[in-house]
Structure formats: structure tokens, C-alpha cells
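# A structural walkthrough
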Amino acid sequence: MKKLINSVDTVLEESLDGLAAAHADLLVLGPERKFVRRRTLKPGKVALISGGGSGHEPLHAGYVGLGMLDAACPGQVFTSPTPDQMIEAAEAVDTGAGVLFIVKNYEGDVMNFTMAAEMAGREVATVVTNDDVAVEKSTYTTGRRGVAGTLIVEKMVGAAAETGMPLAALKELGDEVNRRTRSMGVALLPCTVPAAGRPNFTLADNEMEMGVGIHGEPGRRRVPLASADTIAAELVGAILKDLVPSKGSEVLLLVNGFGATPLIELYLMVNAAKRILDRAGITATRFLTGSYVTSLDMTGVSITVSVLDSYATKLWDAPVQTAALRWGV
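The text that follows walks through the structure, step by step, so that each part is easy to find.

Conventions used here
Residues numbered from 1 in each chain as written. Predicted model: local features only at pLDDT ≥ 70, side-chain atom pairs only at ≥ 80, totals over all residues. Heavy atoms only, no water. Helix = DSSP H or I, 4+ residues; strand = E, 2+ residues; numbered from the N terminus. Polar contact = N/O pair within 3.5 Å; in protein donor to acceptor, adjacent residues only side chain to side chain. Contact = heavy atoms within 4.5 Å. Pairing = 2+ DSSP bridges. Axes fitted to C-alpha atoms, helices over the stretch in contact; angles between N-to-C directions. Buried < 20%, exposed > 50% of the residue type's maximum accessible area, 1.4 Å probe, protein only. Right-handed = clockwise from strand over helix to strand, strands pointing away. Phe/Tyr/Trp six-rings, centres within 6.5 Å; stacked < 30°, edge-to-face > 60°. Salt bridge = Lys/Arg side-chain N within 4 Å of Asp/Glu carboxyl O. Arc of directions from axis to C-beta. Core = buried A, V, L, I, M, F, W, Y, C linked by side-chain atoms within 4.5 Å.

### Points about the side chain of Thr-304
Tracing the sequence through the fold places Thr-304 in strand S12 (residues 299-308). For Thr-304, the side chain forms a polar contact with the side chain of Ser-183, separated by 2.6 Å. Once residues lying within four places of it in the same chain are set aside, the contact partners of Thr-304 are Ala-148, Gly-149, Ile-152, Thr-181, Arg-182, Ser-183, Leu-252, Leu-253 and Leu-254.

### A look at the sheet that holds strand S9 (residues 221-224)
Taken together, six strands build an open sheet; the order of strands is S9-S8-S7-S12-S10-S11 and the sheet is mixed. In the strand order of this sheet, the two ends are held by S9 and strand S11 (283-290), each with one partner. Ignoring strand direction, the axes of neighbouring strands in this sheet form an average angle of 20°. Where strand S10 (residues 250-257) meets S12, eight bridges bridge the pair, whose relative direction is antiparallel. From the neighbouring strand, Glu-250 faces S12, where its bridge partner is Leu-308. Packing of helix H4 (residues 149-162) onto the sheet brings it into contact with strand S7 (181-189), S10, S11 and S12, and relative to S12 it is tilted by some 40°. Helix H8 (residues 310-317) rests against S10, S11 and S12 of the sheet, and its axis sits at about 30° to S11.

### What to know about the pairing of S10
When you tally the buried positions in S10, you get seven out of eight residues, the bulk of the element. Direction of pairing for S10 relative to S11: parallel, over a ladder of seven bridges. Bridge pairing links Val-251 to Ala-284 in S11. One crossover worth recording links S10 to the parallel S11 by way of helix H7 (residues 263-279), and it is right-handed.

### Focus on the packing of aromatic side chains
Taken as a whole and judged by the stated rule, the model has two aromatic pairs. Centroid distance Phe-101 to Phe-113: 5.1 Å. Interplanar angle 70°. Geometry classified as edge-to-face. Here Phe-101, found in strand S5 (residues 99-104), pairs with Phe-113, found in helix H3 (residues 107-119); they are twelve residues apart in sequence, far enough to count as distant. Grouping residues by exposure puts Phe-101 and Phe-113 together as buried.

### Details of the pattern of salt bridges
Summed over the entire model, instances satisfying the criterion amount to 23 salt bridges. Across the salt bridge formed by Asp-84 and Lys-34, the nearest N and O atoms sit 2.9 Å from each other. Highlighted residues: Asp-84 in helix H2 (residues 83-93) and Lys-34 in the loop between strand S1 (27-29) and strand S2 (36-38), separated in sequence by 50 residues. Residue class for Lys-34 comes out buried when judged on its relative accessible area of 17%. A salt bridge links Arg-145 to Asp-132; the nearest nitrogen and oxygen atoms lie 2.8 Å apart. Linking Arg-145 in the loop between strand S6 (124-129) and H4 with Asp-132 in the loop between S6 and H4, this pair joins segments that are 13 residues apart in sequence. One salt-bridge network, held together by shared partners, links Arg-38, Lys-42, Lys-45, Asp-70 and Glu-162.

### Remarks on the sheet that holds strand S3 (residues 47-54)
The six strands lie next to each other as S1-S2-S4-S3-S5-S6, forming an open sheet whose pairing is mixed. Looking along the sheet, the strands with just one partner apiece sit at the ends: S1 and S6. Shown here is a sheet whose adjacent strand axes are inclined to one another by a mean of 20°, direction ignored. Both S3 and S5 contribute to a ladder of four bridges, which runs parallel. When the sheet's bridge partners are listed, Ser-50 is paired in S5 with Ile-102.

### Details of the environment of Gly-55
Assignment of secondary structure puts Gly-55 in the loop between S3 and strand S4 (71-77). In this structure, the C-alpha to C-alpha distance between Gly-55 and Leu-296, residues 241 residues apart in sequence, is 5.0 Å. Setting aside its immediate chain neighbours within four residues, Gly-55 contacts Phe-78, Thr-294, Ser-295 and Leu-296.

### Some points on H8
The set of residues buried in H8 consists of Ala-312, Thr-313, Leu-315 and Trp-316. Down the axis of H8, the smallest arc covering the buried residues is 160°, so these residues share one side. In H8, the exposed residues that point more than 90 degrees away from the buried face are Ser-310 and Lys-314. Looking at the buried positions of H8, the neighbouring elements they touch are H4, helix H5 (167-179), S10, S11, S12 and strand S14 (326-327). Put simply, Asp-309 is the residue that caps the front of H8, since its side-chain oxygen is 3.2 Å from the backbone nitrogen of Tyr-311.

### A short note on the environment of Phe-113
Judged by its relative accessible area of 1%, Phe-113 is buried. For the pair formed by Phe-113 and Gly-51, sequence separation is 62 residues and the distance between their alpha carbons is 9.1 Å. Setting aside residues up to four positions removed in sequence, Phe-113 forms contacts with Ser-50, Gly-51, Pro-81, Met-86, Phe-101 and Val-103.

### Some points on the nonpolar core
In terms of nonpolar packing, the biggest core is built from 58 residues, with Leu-48, Tyr-63, Leu-100, Leu-151, Met-156, Leu-170 and Leu-325 touching the most fellow members. If you list the elements that add at least two residues to this core, you get helix H1 (11-22), S5, S6, H4, H5, S10 and H8. Considering every element that reaches this core, the biggest residue donor is H4, with eight residues. Dropping the residues within four chain positions of it, Leu-48 is found in contact with Met-68, Leu-69, Asp-70, Ala-71, Leu-100, Ile-102, Glu-154, Val-157, Gly-158, Ala-161 and Leu-170. If you look at the next biggest cluster of nonpolar residues, it comprises 32 residues, including Val-133, Ala-232, Leu-235 and Val-270.

Structure follows, in C-alpha cells:
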């Protein structure tokens, strides 16, 4: 195992310290590094909190700031944060308008965020993301997994929260954005969890895992390595079959790397995916390309399609200033 670490026991703590130092204008660490919070809170705004296992950076801590999250709770690598983290984060960032939890659909995350909501002693609503079309249930889930579409929910709901939208309406919006969003990924090489010191699954040189999860969970099937066009056709085809956007729809296209995929390949996949959408009569009017919801050092890509209307487009275009996303400010 070759990694830039000092000790497997301190990877998360040292990384969080570096994040806080590099972006001290935007965020601060909570006590004992239980959460990362927005440095400047906006009074009267619903507080948005997300979190999950580390190893998916910049999700979630990289999206704390103006126009997105007020706090993020990082668990150990691929391990859910604990309820006390969410409770303390809520206490730190709730300015009186209530709290919205945005939770990826993994059993540990859902269980711990549910417990936190019940114990928080304040008004809390929850949006659960489940945008992955690859499988109906997986190693860590009942129902579909929440993957890169979570970023889109956090961005759009975060923009709406900045305008003063109340808690119930924000939950409704988050659920609607989730319903309009689908994702699917493929792995070419596995990732290595530092504590394990070895790849978390194996692939032959001529194999890929179609529909892989962001923790390396099995996908639909293991298949021979194929061309980028063939991969894009299966990913986008599965998304469109499930999402069923009407012809003439406008969409956001997110092509997301899993941590070790170079941008030259990601932009090649943008081109492949866009051509498929064009042939289907679907127009990508907004794009996001890069490694935004990763799986440590996995080599692979996920594609996310989110149907836009004028309001969703306005929310996506709204100013954002976080460690990982910045525009319009």
C-alpha cells in the first residue's frame, strides 16, 4: 500500500485539520472534530446538515459554506458518523429556523441520522437520497444507494435555503430533486482502505464492475473491459430507462470520477454521454465534471442526470462558495 499518510489511525483527523487550515475563511472544526461547520452562519435560515463515512471527499465537508451545507459530520473511512455528531452539529448551526438532514441511503447513515433527529430536541426534517439505478439493494442498503446525486440535492436545496425557504418546503424540494435525479457508475480498478491495506475487491486486468457502489459494493455484473462509448451507453441507457425524461427535456449532466480517474478521461465520457443524450432528444444545459463524490483511489466513473426546469436551473446557477464548489460570488 502506497499512500500519503503518517498513521492509519490519524488519517481523518489530520486531513480535517488540513481542510480547516486551507479554508479557514469558510469553515471551522467543531469540538473533537465531530463536525465541520460554516464559519459565518445566517440567522433565521434553515440549517442544512449532511455527513457520512469519509473516503468520498470532497463529499460532504467540502460542500460546507455559502449556498450549500451549514455543517457536515465525517465518520471514519466508509463508516457512518455517530448520532452525537449530528446532534452537536445541529446545536452549533441551528439559528432558530430548524434543521434539515440530507442523508445518503445506507443503513448505518439512515439509522444514525434518524436517532439524531429523534434526540436533537429541535425541529428536524430529513431528505434521503437514493439516486443509484444500478441495483435495488446492496451490501449496505435497503433500497437504492445514495451516490453522486446527493451533491445535486445539497446544492439546490442549499441555494433555496439561502433565500429563506422554510423547513417543510425545503424537504419537499429535496425530495423532488432526488426524484428527478439518477446515477450509475463503473469501476475499472478497486480502492484501498488505509486500515485494511489492501484492495477491497479484485478485478482482473480485462474486467470492470458495472454498477459498482461508492464503497466498492458489487454492481449489476462483472463484465469484460469495453470502450468508453460502450460504457457510457450502458450507464446513460440505464439512467434514461429509469428516469424517463420527456423528449426535449433539459438536464444537468454530472460526470464524476471516483478518485483516480484523470480529467482527460472524464471529459471524454462527457462527450460520449452528451452524444447519447442528444440522440434521445435530451439537452444537457448544465455540466459538472470532476471528482466530486469519490471512493478513495478507485479508478472509474459515475454519470448522473438530473432533469431541470427553470427553477432548478436558477438554484443550480445560484452563488456557491465552498471548498469544492465556487461560482457566482
